[in-house]
Every structure is written in structure tokens, then in C-alpha cells.
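Remarks on the overall topology
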Amino acid sequence: MNVSSWLTIAKRKIDALDAELILLNTVGEKDRSFLTLHDDRELTEEELKKANGFLERRASGEPLAYILGYKEFYGRDFLVAKGARSLVPRIETESIIEMVKALKLAPRKILDIGTGSGCIAITLKLENEEAEVLASDYSRDVLELAKENAKKLAADVKFIQSDLLDSIDGDFDLIVANLPYVDENWGWLDKEALAFEPKEALYAEDSGLYLVKKLILQAKGRTNYLILESDTSQQNEIIEYAKEFGFSLTQKDDFITVFETKP
Ligand SMILES: C[S@@+](CC[C@H](N)C(=O)[O-])C[C@H]1O[C@@H](n2cnc3c(N)ncnc32)[C@H](O)[C@@H]1O
């Protein structure tokens, strides 16, 4: 079977772009022009087996990031499935990086809690070279993945295993956290779409706010800025709660809230 025929069949089963990315990965090419320039190239038996395996996995709902092993975040590729699986970095999380830039802080000490693949911490380090960046996660396995990403992207980030701030000393200019905040009972939740990602990276008690609220309590007096990701529906409650502990809102979009500690 050649490239063109495989793509025609695959595009009937899965998203067209995903089919193209699977085929490019299979033949070890990056440039999509390969698919048109070599549309009559015959696939070897081994390539066909690999591409069909990936196609079946994608057709069963597995995210492409886990099938290919990586996901792009802020223009860089992050491993998301090697040994452990991390949450697949989301596009909405990228605005944390933009919001840090907009603060015009030149932060010296940054802490990323619940680092997962390390995408936030590593990107903040690469975009703020002078900053000392510490990244933490509760999961030891996921930290190994984050360390590998830091090495691959030559980012000098330190890593620590910790339950929120429990094992972390010192104060920070900025703490960022995309913690689990999904409430299993949300009526609009597409549980099937999330079924391949680790539960402990997604779900939290107390309407999804258990960890976010606990972090706000712990971060009081330990940071000048606190940036949190959550669902839009949770933002008002988070803002009111954070206010009680001396954090005032400075910026927000649909998923990200930025707080400053009141003087
Ligand atoms: C929603 S994922 C975010 C991953 C990554 N920061 C991102 O934005 O793609 C949440 C991460 O928090 C970690 N986590 C869960 N509970 C935690 C806790 N109590 N303390 C620290 N990390 C925790 C999970 O292991 C997971 O990697």
C-alpha cells in the first residue's frame, strides 16, 4: 500500500491531520510536504504494521500525544509517555507563560507545583534564563519524565517530590500551579475523552477545588505572585477564597487567574 492509499483509508477513521502526523512519524519525516511529494511511495510491511497499530489506537480514542509520545507546548516538544504518562499539556496552559511575561517581573525564584511533563517550569526557565526554577510533583514517576524533558531541552530546572508545599522550603517571587481541578460530577464532562490520562492528574475532591484551596492556604506569605489554572466555572469561588488569604486578583482569562499578595 502506498502513502496516498493509506491516508485515504485512515482519514475515514480519524481526524485528517492526526492521520498525516501518524504517517509522518511512521516513516520518520517531519515535513508535511513529504506526503504530497511522495504520495506514491510504497510503505514497507513494518511501516504498515506500525501505522495501522497507531491508527487503531487513535480510532479507539487514545490521544495522539500518547501514541506519538510527545506533545508541543509553547513551540517545544515535550515527552508525555515514557515510563510514566503525564497529563497532555493543553493550549490554555500556554497563557500562563504569556501572563508571566505580561507581569514584567523578571522573577528570580519560580516554583511550578504539579509539574507533570515539566512543560510550565521548563518553558518558564527557557523564557526567563536568569530565574531559578524549581518544579515539584507528588508523583515520583512523572518527575522522571519531567527531568528527561529538562535534559532534552537543556533547561536548568531543579525537581523535587512534594505534596503541594509540604517538602518545599523558602519563599518565591512566583508560584504557578496547574493542579488537578476536575470535578467528576460535572454534567458536561466528557469522561471518555479523559480516560487515557492519569486520574491523579485530573480529578480533585471538593467540587475540584480541594488542592487549589489547600495550595492557596499554604502559599500565603511565601510568594509575591500566585498563578492558578482552573475551570472558568470555578474562578469566582477561587478569587473570593484567595482574597481571604491576602491574594488580590491582577489578571485573568478563561482558565488562568493571576494573584498578587496585598502589601
Ligand atoms: C493537571 S496536571 C498538570 C501537569 C502540568 N503542569 C501541565 O500543566 O500540563 C496536575 C499534576 O499535579 C500532580 N499532583 C497531583 N496532586 C498533587 C499534590 N498533592 N502535590 C503535588 N502535585 C500533585 C499530578 O501528578 C499532575 O502531574
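Residues numbered from 1 in each chain as written. Predicted model: local features only at pLDDT ≥ 70, side-chain atom pairs only at ≥ 80, totals over all residues.

Here we look at the nonpolar core
With 58 residues, the main nonpolar core has Val-133, Leu-174, Ile-175, Val-212, Leu-215, Leu-226 and Ile-227 as its most contacted residues. With sequence-adjacent residues up to four places away left out, Val-133 is seen in contact with Ile-110, Asp-112, Ala-121, Leu-124, Lys-125 and Val-157. The next biggest cluster of nonpolar side chains, apart from the first, holds nine residues, and it includes Val-3, Ala-10, Ala-19 and Ile-22. (Core = buried A, V, L, I, M, F, W, Y, C linked by C-beta atoms within 7 Å. Buried ≥ 20, exposed ≤ 12 C-beta atoms within 10 Å, placed from the backbone. Contact = placed C-beta atoms within 7 Å.)

A short note on the site of the ligand
Around the ligand, 24 residues are found, and the nearest of them are Gly-114, Gly-116, Tyr-138, Asn-178 and Ala-201. At the level of elements, helix 7 (119-127) and strand 6 (132-137) are the ones that each hand at least two residues to the shell around the ligand. Residue classes in the shell around the ligand are distributed as 12 nonpolar, nine polar and three charged. (Near = placed C-beta within 6 Å. Helix = DSSP H or I, 4+ residues; strand = E, 2+ residues; numbered from the N terminus. Nonpolar A, V, L, I, M, F, W, Y, C, P; charged D, E, K, R; others polar.)

A short note on the sheet that holds strand 6
A sheet is described by the order of its strands in space; here seven strands give the open sequence 7-6-5-8-9-11-10, paired in mixed fashion. Both outer strands of the open sheet, strand 7 (157-161) and strand 10 (247-252), are each paired with one neighbouring strand and no more. On average, each strand axis in the sheet is tilted by 20° relative to the strand beside it, whichever way the strands run. Note: strand 6 against strand 7, five bridges, orientation parallel. Note on strand 7: the bridge partner recorded for Val-133 is Val-157. Where helix 8 (residues 140-152) meets the sheet, its contacts fall on strand 6 and strand 7, and the angle it forms with strand 7 comes to roughly 175°. (Pairing = 2+ DSSP bridges. Axes fitted to C-alpha atoms, helices over the stretch in contact; angles between N-to-C directions.)

Looking at the environment of Thr-44
One can find Thr-44 in the loop between helix 3 (33-37) and helix 4 (45-59). What makes Thr-44 exposed here is the crowd of 11 C-beta atoms within 10 Å. Between the C-alpha atom of Thr-44 and that of Met-1, which follows or precedes it by 43 residues, the distance is 8.3 Å.

Concerning the domain arrangement of the chain
It is common to give the size of an interface as the accessible area lost on bringing the parts into contact. Each domain of the chain was delimited in the assignment, giving domain 1 (3-60) and domain 2 (84-261). Here domain 1 and domain 2 have C-alpha centroids that lie 35 Å from each other. (Domains from an automatic or database assignment.)

Concerning unusual backbone geometry
Here the phi dihedral of Lys-104 falls at roughly 50°; this positive angle occurs in a residue that is not glycine. In this fold, Lys-104 is placed in the loop between helix 6 (94-103) and strand 5 (109-113). Judged by the 6 C-beta atoms lying within 10 Å of it, Lys-104 is exposed. In the Ramachandran plot, Ala-106 falls in the positive-phi region, its phi being about 50° despite a non-glycine side chain. Turning to its location among the elements, Ala-106 is positioned in the loop between helix 6 and strand 5. Ala-106 sits in the exposed class, given 9 other C-beta atoms within 10 Å.

What about the packing of helix 2 (residues 16-27) against helix 4?
Two elements in contact, helix 2 and helix 4, have axes separated by 9 Å at closest approach and are oriented at 145°. Crossing geometry of helix 2 relative to helix 4 is assigned as right-handed. Of the residues in helix 4, those in contact with Asp-18, Ile-22, Leu-23, Thr-26 and Val-27 of helix 2 are Glu-47, Lys-50, Ala-51, Phe-54, Leu-55 and Arg-58. Residue classes in the contact of helix 2 with helix 4 are distributed as six nonpolar, one polar and four charged. (Left-handed = near helix turned anticlockwise from the far one by under 90°.)

Considerations on the environment of Thr-223
Relative to the assigned elements, Thr-223 resides in strand 9 (residues 223-229). Through-space distance from the C-alpha of Thr-223 to that of Glu-260 is 8.5 Å; in sequence the pair is 37 residues apart. Look past the residues within four positions of Thr-223 in its chain and what remains in contact with it is Asp-171, Phe-172, Leu-174, Ile-175 and Thr-261.

Structural notes on the packing of helix 6 against helix 7
When two helices pack together, their arrangement is given by the angle between the helix axes and the distance between those axes. The N-to-C vectors of helix 6 and helix 7 enclose an angle of 35°; their axes lie 10 Å apart at closest approach. Relative to helix 7, the crossing made by helix 6 is right-handed. Residues Ile-96, Ile-97 and Val-100 of helix 6 pack against Ile-120, Thr-123, Leu-124 and Glu-127 of helix 7. When the residues that make up the contact of helix 6 with helix 7 are grouped by side-chain class, the tally is five nonpolar, one polar and one charged.

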